[in-house]
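What the coordinates show
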Number of protein chains: 2
Amino acid sequence: MKLATLRTCGNGTTAALALGVDGYLPLPALNVGELLARSGWKALAAAALAQAEALGGEAAGVVPAHEADLAPLLPTAGKVICCGLNYADHIQEMGRELPEYPTLFAKYADTLIGATDTIEVYGSDRVDWEAELAVVVGAQLTRAGEHEAEAAIAGYTVANDVSMRDWQNRTLQWFQGKAFDATTPLGPVLVTADEFPAGHGFAVSGRVNGELVQHGNTATLVFGPAKLLSYISQFTTLRPGDVVLTGTPGGVGMGMNPPRFLADGDILSTEIGGIGRLENRVRIRQGANAAR
Amino acid sequence: MKLATLRTCGNGTTAALALGVDGYLPLPALNVGELLARSGWKALAAAALAQAEALGGEAAGVVPAHEADLAPLLPTAGKVICCGLNYADHIQEMGRELPEYPTLFAKYADTLIGATDTIEVYGSDRVDWEAELAVVVGAQLTRAGEHEAEAAIAGYTVANDVSMRDWQNRTLQWFQGKAFDATTPLGPVLVTADEFPAGHGFAVSGRVNGELVQHGNTATLVFGPAKLLSYISQFTTLRPGDVVLTGTPGGVGMGMNPPRFLADGDILSTEIGGIGRLENRVRIRQGANAAR
């Protein structure tokens, strides 16, 4: 099952079931996060689909794919927690030790945008990419073990943890370079966990103007999805619609020689096999106030 | 004007006007954050007070001080952003340079507890204190200058950024040691900005079982309240009910020789002159799952 959040007229949003090339069937929830918070959401989606098939797509309100306006998948996520330094092959090729604990930092939902929205950055000239698998929480987790965490994964989606390296490296804490409003595309769809075998390795890739700059496979993650959710839940409760970004493979612009950053007008594409692709234009704006 | 958030029967909360020794007058908002999001909230509070004075306290539903159950001041804060390394005198006594940019990190509202609630920590044995002035946002700020930010300060309150140093220092990012659920007391009241002269220096102190361990004055902050709000608003929008913790003066347990941490049963007191005092018992629990 594939789920999306669509913008509706008048600034609203709706959760929807993605029907492939046929479009999107709206579901009775404001967004995918709100849908996941309902018990029996899979049955609800299946019933809506059966009804739509009986009625015919148009009568059921199916939105044709070319008319769909994708909102951030989880526009009201309570927690957007990110893991850094998590691809073992990349860590080892840099000659570093594998970490004992995950490096974690937080974002707010204001960072999130839709799968084809423009990334508008104000006041940074070192805008970098980080293609990532995102894990969406489907059940409440408090001090959960790994098995409980695994069972609580609603599904997977695609994110790009676009990072303002100048701001990120102003101090030791990365937060300010990672928390720019409306710079983290998330989507296009959540694919439910039951569509993948346990321990599935996802192929993650990032492109700038069509050129492949990042590729990796989540099979090499030091801390996989269930381990991350279990670890985080030891200190803070995770709830349906929360999302955890699992880190990025090698190939970010900061690590290139010379370093390379996104320019105004660039197209950033982020793709995960079996899930889908984000494609976002980058606009670099002057900051209104330096405040430095 | 002093505002609080009180717990009501049945798991609810209400914003309230603090009347000093006479108690609290409930206001028609679920908490102080929701109150601040309404235009004309000061007039609303003043009108409620005038009506209560006309009716008499009991008829107006005033909650006697000894019956009041203080909730976290801002239980649904969208953003809880903290500044580290901000007291110039403490930085200089450590022989360090004053920072050019504020060190910022994020928490979620799940960290917050009320002014007399118990701090329950699961799975850490290096629980440390950080007494702090907290600045509450009263108007939306996006890429705001300092004057606009100053005018948008709703008021000030008291926080203790209780920190799990073992988790904080597992990796370079502090988040995991700062984001434990229900460990950051916030309150007891918001005192509106108009009760203090511009640039007022607040005396901040922290005590463990009555012993003074921290004291400082916000007059020595490198980045004062307006500067912090302006800086943060360059990358993320601040909204009414968001809160910024301004950092802690010297005297934390980790810096003592030998280091000293909170023990099960300790009483942590945090006081700011002109605002009030938090008093929280500490309970240290075993974590349910190591997940390490």
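Because the structure is a prediction, the values reported are computed rather than measured.

Below, the discussion takes up the interface of chain A and chain B. Of the residues lining the interface, 40 residues belong to chain A; the matching set on chain B comes to 40 residues. Together, the buried faces of chain A and chain B total about 3800 Å²; carbon and sulfur atoms form 57% of this surface. Together, Tyr-108, Gln-173 and Phe-235 of chain A form the three largest contributors to the area buried by chain A at its contact with chain B, with a combined 21%. In this structure, the connection of chain A to chain B is made through four salt bridges. Its salt-bridge partner being Arg-239 of chain A, residue Asp-110 of chain B comes within 2.8 Å of it at the nearest N-O pair. Where chain A packs against chain B, one counts 24 residue pairs in polar contact (both at pLDDT 80 or more). Within the residue set of the side of chain A that touches chain B, elements represented by two or more residues are strand 4 (80-84), strand 5 (103-107), helix 6 (175-178) and helix 7 (225-233) of chain A.

Right, let's get into the pattern of salt bridges. Residue and element names in this part refer to chain A. Following the criterion strictly, the structure yields 32 salt bridges over all chains and no others. Notably, a salt bridge pairs Lys-178 with Asp-161, separated by 2.9 Å at the nearest N-O pair. Of this pair, Lys-178 sits in helix 6 while Asp-161 sits in the loop between strand 10 (153-160) and strand 11 (163-164), placing them 17 residues apart in sequence. Judged on exposure class, the residue Lys-178 and its partner Asp-161 are both buried.

This brings us to the packing of aromatic side chains. Under the definition given, this model contains 23 aromatic pairs over all chains. Ring centres of Tyr-231 of chain A and Trp-167 of chain B lie 5.3 Å apart, and the angle between their planes is 45 degrees; this geometry places the pair in the tilted category. Here the residue Tyr-231 of chain A occupies a position in helix 7, and Trp-167 of chain B occupies one in helix 5 (residues 165-168), the pair thus bridging two chains. Comparing Tyr-231 of chain A with Trp-167 of chain B shows no difference in burial state: the two are buried. Residue placement shows Arg-170 of chain A over the ring face of Tyr-101 of chain B; its charged tip is 4.1 Å from the ring centre. A cation sits over an aromatic face here: Arg-143 of chain B above Tyr-122 of chain A, 3.5 Å from the ring centre.

Definitions and limits used
Every chain's residues receive numbers from 1 upward, in the order its sequence appears when written. Chains carry letters from A onward and ligands carry numbers from 1 onward, assigned in written order. It should be noted that, the model being predicted, local features are given only for residues of pLDDT at least 70 and side-chain atom pairs only at 80 or more, the latter also being counted only at that level, while totals for whole chains, interfaces and linings use all residues. The side-chain numbers reported here are obtained from all heavy atoms of the structure, hydrogens and water having been left aside. By the convention used here, residues are in contact when the closest approach between their heavy atoms is within 4.5 Å. A 1.4 Å probe defines the accessible area here, and the buried area is the portion of it lost by two parts on being joined, summed over both. Any carboxyl oxygen of Asp or Glu within 4 Å of a side-chain nitrogen of Lys or Arg constitutes a salt bridge here. N or O atoms closer than or at 3.5 Å make up a polar contact, with two conditions inside protein: a donor-capable atom paired with an acceptor-capable one, and, for residues adjacent in sequence, both atoms drawn from side chains. Only DSSP runs of H or I reaching four residues or more are called helices, and only runs of E reaching two or more are called strands; each is numbered from the N terminus. Throughout this description, buried means an accessible area under 20% of the type-specific maximum (1.4 Å probe, protein chains only), exposed means over 50%, and partly exposed covers the range between. Only rings of Phe, Tyr and Trp enter the pairing, Trp through its six-membered ring, and a pair is recorded when the two centres are within 6.5 Å. The plane angle decides the type: under 30 degrees is stacked, over 60 is edge-to-face, the rest tilted. In this scheme, the term charge over a ring applies when either NZ of a lysine or CZ of an arginine sits within 6 Å of the ring centre and within 35 degrees of the ring normal.

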